[in-house]
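The primary structure of each chain is shown beneath.
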Amino acid sequence: MIPRMETRVMEVDPLEDCRSVYKEAAGVLAEGGLVAIPTETVYGLGADALNTEAVANVFAVKARPSFDPLICHFAKAKDIKDYTEVPAELQPLVDKLAKEFWPGPMTLVLPRKPIIPDIVTSGLPTVACRVPSHEVMRGVARALEHPIAAPSANRFGHISPTSAQAVVKELGGSIPLVLDAGACSEGLESTILMPCLDEKGKPAVRLLREGPVTREKLRGICRVLKPGKGKAAEEVLPNAPGQLKSHYAPAKPLILWNPREEFTPEEGVSYGLISYEGESALAQQECWTEVMPLSPGSGRLAEAAVRLFAVMRAMDENDEVQVIVAEELPETGLGCAMMDRLRRAAAKREEA
């Protein structure tokens, strides 16, 4: 049972001098408390990664299964070398990826040193590492002088929060502090990669989770393997967050639908549609209680990615909608990451 507590919300502007706020948040973390901290992707539920009791509390507050590992957030890329042991044959690729995409929405799964507690990695020999581009998360990590273990700040399996208000709705009364820096700029969780050797013994990466760092961006740097390809493919999933079939799900059933196909509603059921542009033939049907476009009129994947979780949450909170229908998206660039999240959300209905 998680004890109830007052949840403070502190507004923070990363463009101003916020060192006093970062120091206060780091103080909460140093004492074993949890703090919801914004990143460019989603809000994270942060704990001192070296404090096993605090990390255990992250799992308890989220009701997250202990076999699902956490991402450690660092202030600087060079700090990661104190916590990982990258093989010499992979170090040049890791350095190249870090130079290209950090700070930013990329997570690397790397062999860990014993200093990282087992509870953070779910007992795996690897740890997921990221240097976020959001100054607030980096600022708190600098003040703490430890990595911050931080999954998304929501109940396990629910829609990831992209605003402080969404965090409070999910975890208010369960954590002491939320840092509010406004909406997240990316809106999708980070891309997760595992550097490895391919079947020819050459450096490559396995794409474990789609995200803002797209396959197209990665292919200009190295070969991209799907999970289960190349050497070390015998590893058991989940070896990184976001690997479970059912995840990122609203409480209501969600159905994926081809926007070019007609939808036949079940009598007596009210449906809401999440549409890409809001102008498809599917969106023009008269069976919808509400239609919410991801990219109104423009069809831009970047805008749709930023709005995806917020739109899912708004549809989930609409009392007049019983079932959510989501249009399938173009599977190019960010569309691959969004379809990954939508398929996992729809999987909850399939398992019910």
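Below or above, wherever it landed, is the structure these notes cover. Quick caveat: nothing in here was measured; it's all calculated off a predicted structure. (Residues numbered from 1 in each chain as written. Predicted model: local features only at pLDDT ≥ 70, side-chain atom pairs only at ≥ 80, totals over all residues. Heavy atoms only, no water.)

Topic: the sheet that holds strand β6 (residues 126-130)
Note on sheets: strands pair through backbone hydrogen bonds, and any given pair is parallel or antiparallel.
1) Next: Here we have 11 strands laid out as an open sheet, ordered β1-β8-β2-β3-β7-β4-β6-β5-β9-β10-β11, and mixed in their pairing. Two strands bound the open sheet, and with one partner strand each, they are β1 (8-11) and β11 (223-225).
2) Next: Where strand β2 (residues 35-38) and strand β3 (residues 43-48) come together, 4 bridges link them in antiparallel fashion. Within β3, the residue paired with Ala 36 across the bridge is Leu 45.
3) Next: Here helix α3 (residues 91-101) sits on the sheet and contacts β5 (106-111), β9 (191-197) and β10 (203-209); the angle it forms with β5, its principal contact strand, is near 160 degrees.
4) Next: In this fold helix α5 (residues 135-144) packs onto β2, β3, β4 (71-73), β7 (148-149) and β8 (177-180), with an angle of close to 130 degrees to the strand it touches most, β2. (Pairing = 2+ DSSP bridges. Helix = DSSP H or I, 4+ residues; strand = E, 2+ residues; numbered from the N terminus. Contact = heavy atoms within 4.5 Å. Axes fitted to C-alpha atoms, helices over the stretch in contact; angles between N-to-C directions.)

Section: the environment of Ala 181
1) Next: Relative to the assigned elements, Ala 181 resides in the loop between β8 and β9.
2) Next: Measuring from C-alpha to C-alpha, the distance between Ala 181 and Tyr 43 comes to 9.7 Å, with 138 residues separating the pair along the chain.
3) Next: Residues contacting Ala 181, with those up to four places away along its chain left out, are Val 12, Pro 14, Pro 38, Tyr 43, His 134 and Val 136.

Let's talk about the side chain of Asp 48
1) Next: Residue position: Asp 48 is located in strand β3.
2) Next: Summary of buried charges: Asp 48 has no salt-bridge partner, and the nearest side chain of opposite charge, Arg 112, is 14 Å away.
3) Next: Within polar-contact distance, the side chain of Asp 48 engages the side chain of His 146 at 3.1 Å.
4) Next: Leave out the neighbours within four places in its chain, and Asp 48 touches Leu 29, Val 55, Leu 144, His 146 and Pro 147. (Buried < 20%, exposed > 50% of the residue type's maximum accessible area, 1.4 Å probe, protein only. Lys, Arg positive; Asp, Glu negative; His and termini not counted. Salt bridge = Lys/Arg side-chain N within 4 Å of Asp/Glu carboxyl O. Polar contact = N/O pair within 3.5 Å; in protein donor to acceptor, adjacent residues only side chain to side chain.)

Details of the pattern of salt bridges
1) Next: Tallying each qualifying case throughout the model produces 16 salt bridges.
2) Next: The shortest N-O distance in the salt bridge between Arg 112 and Asp 118 comes to 2.4 Å.
3) Next: Asp 340 is the partner of Arg 344 in a salt bridge, and the nearest nitrogen-oxygen pair spans 3.0 Å. Separated by 4 residues within a single helix, Arg 344 and Asp 340 lie in helix α9 (residues 334-351), roughly one turn from each other.
4) Next: Among the charged side chains, a salt-bridge network with shared partners connects Glu 189, Asp 340, Arg 341 and Arg 344.

Description of the packing of helix α1 (residues 19-30) against α5
1) Next: At a minimum axis distance of 8 Å, the contact between α1 and α5 shows a crossing angle of 60 degrees. By the angle between their directions, the pair α1 and α5 is classed as oblique. Remark: the crossing between α1 and α5 carries right-handed chirality. Packed against α1, whose contacting residues are Tyr 22, Lys 23, Ala 25, Ala 26, Leu 29 and Ala 30, the element α5 presents Glu 135, Val 136, Gly 139, Val 140, Ala 143 and Leu 144 at the interface.
2) Next: For the contact of α1 with α5, the class distribution of residues is 9 nonpolar, 1 polar and 2 charged. (Parallel < 35°, antiparallel > 145°, perpendicular 65-115°, else oblique. Left-handed = near helix turned anticlockwise from the far one by under 90°. Nonpolar A, V, L, I, M, F, W, Y, C, P; charged D, E, K, R; others polar.)

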